[in-house]
Each structure stands twice: as C-alpha cells, then as structure tokens.
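Survey of secondary and tertiary structure
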2 protein chains.
Amino acid sequence: MKLAVVGGGQLGRMLAQAALPLGIKTQFLDPSEQSCAQDAGALICDAYDSAEGIEKLLQGSDVVTFEFENVPPSTVATLAQSKPAFPPASALSTARDRWIEKSLFQQLTIPTPRCAKIDNQADLDQAVIDLGCPAVLKTRTLGYDGKGQKVLRQASDADNAYAELGSVPLIMESFIDFEYEVSCIGVRDQAGQCVFYPLIRNEHRQGILYRSQPIADPVLQAQAESIVESMLVELNYVGTLAFEFFVKDNQLIANEIAPRVHNSGHWTIEGAQCSQFENHVRAVVGLPLGSCEVRGEVAMYNVIGRQPDVKALLAIAGVHLHDYGKSERAARKIAHITVTAQAAHQLEERCQQVEALLVNDLG
Amino acid sequence: MKLAVVGGGQLGRMLAQAALPLGIKTQFLDPSEQSCAQDAGALICDAYDSAEGIEKLLQGSDVVTFEFENVPPSTVATLAQSKPAFPPASALSTARDRWIEKSLFQQLTIPTPRCAKIDNQADLDQAVIDLGCPAVLKTRTLGYDGKGQKVLRQASDADNAYAELGSVPLIMESFIDFEYEVSCIGVRDQAGQCVFYPLIRNEHRQGILYRSQPIADPVLQAQAESIVESMLVELNYVGTLAFEFFVKDNQLIANEIAPRVHNSGHWTIEGAQCSQFENHVRAVVGLPLGSCEVRGEVAMYNVIGRQPDVKALLAIAGVHLHDYGKSERAARKIAHITVTAQAAHQLEERCQQVEALLVNDLG
C-alpha cells in the first residue's frame, strides 16, 4: 500500500512516520528540494500544478491526501479523478477561503464572530461602520501563523488597510475578547464513524502556536464534538480535521478549520492511544480508527526559529523531541517537544524545565 | 547527524524510525535487496565484508552501530578505525560465540548452566558423561530462534549429533528445568550511565518468541540489574544490550546476551517513556539516556509467518501494529503488535482478542 501526499513539510513527514508501521509507504509532491518530508518517504520535487508531477505522484499510489490547505484545489480534484483522494477537495476549497468558511459556519448555525466580505477600501469603510472596532482584518486565502492579518483597534486603523494587506480579497471579523483558545481534532472514517480527541488549550506567541495541552472540560467537549461532527458530516469528510475556537463565557466561538492534521495535535503521538497522524492515515486508507484516549499527562511546545540545547533537553525525563530536519530561521517551526508525565505536578515541573531551555526566535 | 547501521532488518528499520525525530538520518549496509530497513533510511546493498560497501557506509556517517550479532566483527573493527562505533566489536565477538559468552558469565560469577566446549564427537561423548542428560547441544555461532540446537534427553541422543549439527564448533549446556524465561534490557551511555527497563517475561513457541510483557518483581529486578550492569561495564559497552535468563526458585540463570536492541523490548515503543530503539540511538550518538519508566499496561505479540486480519486487529482499542514490510514466510517474524491499556484486566481482554486473530505460521 502506498500513500501519496500533496505537500512535503513536517506534517507530511509525521504522516509518513505514522504510516510506515502500518506497512504503508509514502511519497510526496512538493516544489521545494529541501522538503523535510523526504527523510520519511520519496519526494517528487515539482510544482503542485505540474501535470508531470501529479502523474508521478499517482504512479504506484493507492490513495491520495494532502498535508496543508494551500494546495490548489484543482490539483486535488485532478488527483481525485484517478485515485481515491481524502479529505474531499470541497473541504479544501472551504478551508482555504475565510469567507466561504465563515459562511458555512453561519449556515450550520455554529457561533462565530460577525464578519464582512471586503473586496475594496469602500467595503472596508462600510464594514467599520457596520461591525465597529475593534476588529480583525484578514486575507481570505493563504494566511497562516498570524500572517496577512491586521488588528483594527479604531476606525482610523482601517485607512488604506486594504492596500496595506495587498489589495487582495479580505474578510473583516469582529474582535472577540476571548478568555482562551482551544481546538478540537476530529477524525471521520470512510464508513462515517467519528472520533474526537479531548479539547486542546492553545497558547500563541506573536500569532504562532507556542504551547498545546489537552484539557478535560465535559461541557465544552460536548459543544465541540457536536460542532465538529456537523462539519465533518456536511463536508462528507474523511480524515483528520482541526477546528479552532475562542472560549468566552463557557461558550465556543468558531475561529477556523484546518482540513488536515494540526500543530495543536502533535502531542497525540506520545499522549494519545492513537495519534492524529495514524488516525488520518487509517481513515484515508480505509482502516478502522484508533482510540483518542489520553495517556497520562501531556503538553507540547513548538520550537520556533532556533534549536534549544538538545542534550540538556533530552536529560529531562518524559521529554520527546521531534526535530523536523529544517534549518533555523526566525518564526519558522523547526521542531516540537512533547512532555509526558504520570502526574500533573510532575508535568508542570518538566514543562518549566523545558521552557527554561527554549530559545525560540519569533522574528 | 547521520547514523550508519550494519544490517538492514526490522531492528534497523525501527532504529531509523526512532532516530528520525531526533533529527538523525540512517543508512544501512545489508546484502539483501529486500532489506526492510530501506523504507526508513538509505540502503547500501552489498556484502558485510565488501570494502566498497563499508566505504560507502562510512561516507557522510557520523557514528556506526549494528543491528544484529552475526555481522563479521572484522567489519565492525574496520568501521571503528574510521568512525566512532558502538557497541564495541569485543561485545560482538563475545555474543556471537556461545562458548566465549558462557566463559565470560563464569568469569563474572554470573549463574549459568554448566557447559562444555565441543569440537568433535569425542568431546561430546565425554561431555555427556561429565554433565549428564538432559542437556542442550547448540552451535557456538550463528544460531537464532532455536535454530542450530538439539535437545539431548538421554545419552543415546548424542550419537552422531556432532555431525548432525554440521560438524561445527558446539557447546553443550545442562538442561535447566526452568519455570519461565525473562530478559533484562539495559542501556549504557558514553559517560557510563546505565538505565534498565523492567524485567520482561517471554513466552516462546517452537523456539520463536511469541509474547513479551514487562513484569514488576523487585527481587529479580535487583538481581538482573546487578548482572547486566556488570556485563555492560566489563564490555565497556555503549548502547542497548539484552540479557536473557531462565528463572528457577526465584533465581536468575544466565542464558545468553544480545548486543543490540531485542525483540523482547519492542513493547517499549509505546509502553515505555523512551523506547529501547531511541535509547540505543541516544547512547551511540552521545545524547543522554531517556527514562525506562513503563506507561500503563502493555504486552507484545510477534506476528510470525502470516499476517492476521489487519482491519479486525486495528478495531481493537490500544492495539499498535508494526508491520515490517516483509513478505509472508513460515517461521519469519513479519510484524509485531503492541497492546496497551490503562488497567490489567483491560489489557488481558484486549490480548485475548488479539490472540484470537493471530494466524502465526511457525513452520
């Protein structure tokens, strides 16, 4: 069995690492020669829309998936004509455009910030009147890690902001004065069975995920599973999907979805019975899903821009390093660290030791 | 950082899988084009004693190790002239010859069955008189999974047995009427620090390991750690070493050592904080060792000769499949299954479900 993955970053690398023990080999299509996934599978180095690259990727592959949402949906649609491809291209089209995504949230009556579609400065000026400030202006496509965003604290911040963000289609969203952020990772198999990991509390630094930890909150968990399941069913989804929420007054407010394995779920490799990566692979190749049960206490940190002292890090018990084999560069996710422990206080101690060693360069 | 491994079987494959998250790439030297390790790293397909193969393996490698003990010690000695190589070639020479191995046990006052060196039929006839029967006759080198062995239940079984086992150097050992078998896996780093996994109880079928499970037995654990540490120090060992024992009357009786990661330790991937594979890699590249603490309840089964129904298998919660990507063949280890659970009764239930699905072909 061979899995084809569009995209060759660390998510692809970890998908391949999860696939191999199931007897599944992986090959990737990615335009970068430095794609870090190539250490875990075969790299076809070509543009995402190259007919030749797509043809090579299909050769010998049994099933196709993608590892990030900025892949052209036309590529996935082309691949889907020849081989089973999951998640569906429609999920990709939804997730890569914030306006389509938010419209679907509203259609499914999923609570989400008020928002407006911005195609020029006049739309923006009107939206500032309609929604008021504070608000967040975001590019509709291709944004990630806080890139392509501007916070509008007051009406005057909107002056010329359309041009400032590149004169591309934008969305303006009412600013939510949230208490914290969570994500819910769900997986749906080809028979329509769904499983959900526990809610994950996420902490960002300069728009980049810094720390993730699963939490036990039965009220929010029930809300989240209901919302995520409605989305998985609506999209006729197969694979792992991440749903990000703001939490305010014990309510979830939908922020965005990612139709793929997600950074906030990296702790599942050591911290859950079956990881988000293995469950994605199981779903797309047609195997039954694994248990999302948490194993002990666990938290995850991103290593951003600069490597810490690895010897010191690995001397801490319960620390698991995942080095992506990427060179150091400001604001770049180059590794993550999962910290495990049997008891909460032990986890906290180990996390403090890890935090003291992190030398993240956020740029 | 690049790790060179002599041998390209499933042990090499799992070493490479453990190395990659540490940012370490692996390459293998193995004469077989079908080497299953090549899915996890680069394969140099050449004889173990090929000067060209050894040269290629050294290129770009930072450190050398081996994944099984039937590698020619001369190959490891040659490699060690150019690059750091662990474990030392002397450990290999000791472990691959049962007479040298048993002599070292005696030198270190480690309890072991009485034994005799057999170089011809006359030696064997004398040994039958000296040691008596029952006894086990084994080839001194190249035996594994019960191959190259003959049980002598009575003196007449020794008739012509020297020729029967190939007229090669043999060892005769008094038969131990043991209660059960255990192994102790220890790891020693370059600074001389040692860590030990809990004792593992092993069950064999037709001489092939069938099931392994860590046990908590403080008395035997203390005996085992003392014995294994004396061996690690004596050999100036770096890396993972497995020590197999018979248990009788609450005493350990040394059977044999394997200077490498070991089948009975495969459960450590999911069942211990840091696996035997990761700890071997950490030791040989000069990183601090990880914790051997057990995570919950765990047991391992070998998949021998024939694959079970994988869909049914993966539908059992807590089941982790490790398919080595090898074709089916009687008596061949083609995969292993680790079963995890939070409670002992839950583990037992899951193990029963797994056992019902195994269709092992022992040949």
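Computed from a prediction, not measured in an experiment: that's the story for all the values here. (Residues numbered from 1 in each chain as written. Chains lettered and ligands numbered in written order. Predicted model: local features only at pLDDT ≥ 70, side-chain atom pairs only at ≥ 80, totals over all residues. Heavy atoms only, no water.)

Once that is clear, we can look at the packing of helix α1 (residues 10–19) of chain B against helix α10 (residues 276–285) of chain B. Helix-helix packing is characterised by the crossing angle of the two axes and by the distance between the axes. Residues and elements named next belong to chain B. Following both chains from N to C, one finds α1 and α10 inclined at 70 degrees, their axes separated by 8 Å at the closest point. If you check the angle between α1 and α10, you find them roughly perpendicular. Across the interface between the two elements, Leu 11, Met 14, Leu 15, Ala 18 and Ala 19 from α1 touch Phe 277, Glu 278, His 280 and Val 281 from α10. For the contact of α1 with α10, a count of residues per class yields 7 nonpolar, 1 polar and 1 charged. (Axes fitted to C-alpha atoms, helices over the stretch in contact; angles between N-to-C directions. Helix = DSSP H or I, 4+ residues; strand = E, 2+ residues; numbered from the N terminus. Parallel < 35°, antiparallel > 145°, perpendicular 65-115°, else oblique. Contact = heavy atoms within 4.5 Å. Nonpolar A, V, L, I, M, F, W, Y, C, P; charged D, E, K, R; others polar.)

With that settled, consider the sheet that holds strand β7 (residues 149–152) of chain B. Residues and elements named next belong to chain B. If you trace the 4 strands from one edge of the open sheet to the other, you get β5-β8-β6-β7, paired in antiparallel fashion. Strand pairing shows two members of the sheet lacking a second neighbour, β5 (115–118) and β7, which therefore form its edges. Direction aside, neighbouring strands of the sheet carry axes that sit 20 degrees apart on average. Alignment of β5 against strand β8 (residues 170–174), held across 4 bridges, turns out to be antiparallel. Its bridge partner lying in β8, Lys 117 is registered against Ile 171. Along the sheet, helix α6 (residues 121–131) contacts β5, β6 (135–139), β7 and β8; its crossing angle with β5, the most-contacted strand, is approximately 170 degrees. (Pairing = 2+ DSSP bridges.)

Moving on: the interface of chain A and chain B. On the chain B side, the residues contacting the 35 residues of chain A number 35 residues. Of the roughly 2900 Å² buried at the junction of chain A and chain B (both faces included), carbon and sulfur atoms supply 47%. Put simply, chain A and chain B have 2 salt bridges between them. Counting across the chain A and chain B interface gives 17 residue pairs in polar contact (both at pLDDT 80 or more). Taken together, the elements giving at least two residues each to the side of chain A that touches chain B come down to α1 (10–19), α11 (310–314), β16 (319–323) and β17 (333–341) of chain A. (Buried area = accessible area lost by both parts, 1.4 Å probe. Salt bridge = Lys/Arg side-chain N within 4 Å of Asp/Glu carboxyl O. Polar contact = N/O pair within 3.5 Å; in protein donor to acceptor, adjacent residues only side chain to side chain.)

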